[in-house]
Amino acid sequence: MLIKQFEIRIADLNPKIGTEPVKTRPVLVVQTNLLNIIPHPLTLICPITTNVIKDSEILRVHLKKGVANLKQACDIMIDQVRAIDNRRLVKKIGSLSNELAEIVKANLQTLMDLG
């Protein structure tokens, strides 16, 4: 399975521990393609939720209905970035535009104090 940065995929995030997002849901691949092209067993992702929170500009990136084939408005949960086993990734549903990818990168840099 070829995985690419800024693809949106369906992933099975069960079982839940603590406040982690759970269930089968869309996720955004944020891991560099340098790791995606080798047989690396894990992928860094940000879960996506339909629980949209307005005015949460750093912790979330809002996606309108239809973006990357999403069936409703969603938020990428930047503060929930985590590594998952590639076997949790079910199928690709779409990809982010370059403009949205740059917003995700900037928010990750701010969140991790990398900028």
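Keep in mind the model is a prediction, meaning the values are calculated, not measured.

About the cut-offs
Residues numbered from 1 in each chain as written. Predicted model: local features only at pLDDT ≥ 70, side-chain atom pairs only at ≥ 80, totals over all residues. Heavy atoms only, no water. Helix = DSSP H or I, 4+ residues; strand = E, 2+ residues; numbered from the N terminus. Buried < 20%, exposed > 50% of the residue type's maximum accessible area, 1.4 Å probe, protein only. Contact = heavy atoms within 4.5 Å. Disulfide = S-S within 2.5 Å. Core = buried A, V, L, I, M, F, W, Y, C linked by side-chain atoms within 4.5 Å. Patch = residues over 30% accessible without salt bridge, like charges linked within 9 Å, V, L, I, M, F, W, Y side chains within 5 Å. Areas by Shrake-Rupley, 256 points an atom, 1.4 Å probe, with all protein chains shown as cover. Salt bridge = Lys/Arg side-chain N within 4 Å of Asp/Glu carboxyl O. Expected span 1.5 Å × (residues − 1). Arc of directions from axis to C-beta.

Caption draft 1: Representation of the overall build of the protein. For the protein, the count of helices and strands is 2 helices and 7 strands. On the principal axes, the C-alpha backbone points of the protein span a range of 40 × 30 × 30 Å. Evaluated residue by residue, the protein yields a buried proportion of 40% over its 115 residues. Contacts in the protein between residues far apart in sequence, at least 24 positions, make up 58% of those at least 6 positions apart.

Caption draft 2: Focus on the state of the cysteines. Considering all chains together, one arrives at 0 disulfides under this definition. With no disulfide of its own, Cys46 has Cys74 as its nearest cysteine by sulfur position, at a separation of 14 Å. Cys46 sits in the buried class, given a relative accessible area of 0%.

Caption draft 3: Geometry of the nonpolar core. The biggest cluster of nonpolar side chains holds 20 residues, and the ones touching the most others in it are Ile8, Leu28, Leu63, Ile76, Leu96 and Val104. Of all the elements in the fold, those that place two or more residues in this core are strand 1 (7-12), strand 3 (42-49), strand 4 (60-63), strand 5 (74-77) and helix 2 (98-112). The biggest single contributor to this core is helix 2, with 4 residues. In this structure Val104 touches Phe6, Leu28, Val30, Val61, Ile76, Ile78 and Leu96, once residues within four positions along its chain are discounted. In this structure, Leu13, Ile45, Ile84 and Leu89 belong to the second largest nonpolar core, which totals 8 residues.

Caption draft 4: A nonpolar patch on the surface, seen in detail. A surface patch of nonpolar side chains, amounting to about 450 Å² of accessible area, comprises Ile58, Leu59, Leu111, Met112 and Leu114. Within the secondary structure, Leu114 sits in the segment after helix 2.

Caption draft 5: Inspection of helix 2 at higher detail. Taking 1.5 Å as the rise per residue, helix 2 with 15 residues should run 21 Å; its terminal C-alpha atoms sit 21 Å apart, in good agreement. Taken together, the buried positions of helix 2 are Leu100, Ala101, Val104, Asn107 and Leu108. Along the axis of helix 2, the buried positions cluster into a sector of 125 degrees, meaning they face one direction only. Every exposed residue of helix 2 that faces more than 90 degrees away from the buried side is listed here: Asn98 and Glu99. Looking at the packing, one finds that the buried side of helix 2 touches strand 2 (24-29), strand 3, strand 4 and strand 5. Backbone geometry just after helix 2 places Asp113 at a positive phi near 55 degrees.

Caption draft 6: Fine view of the environment of Val104. Here Val104 lies in helix 2. Separated by 50 residues in sequence, Val104 and Lys54 place their C-alpha atoms 16 Å apart.

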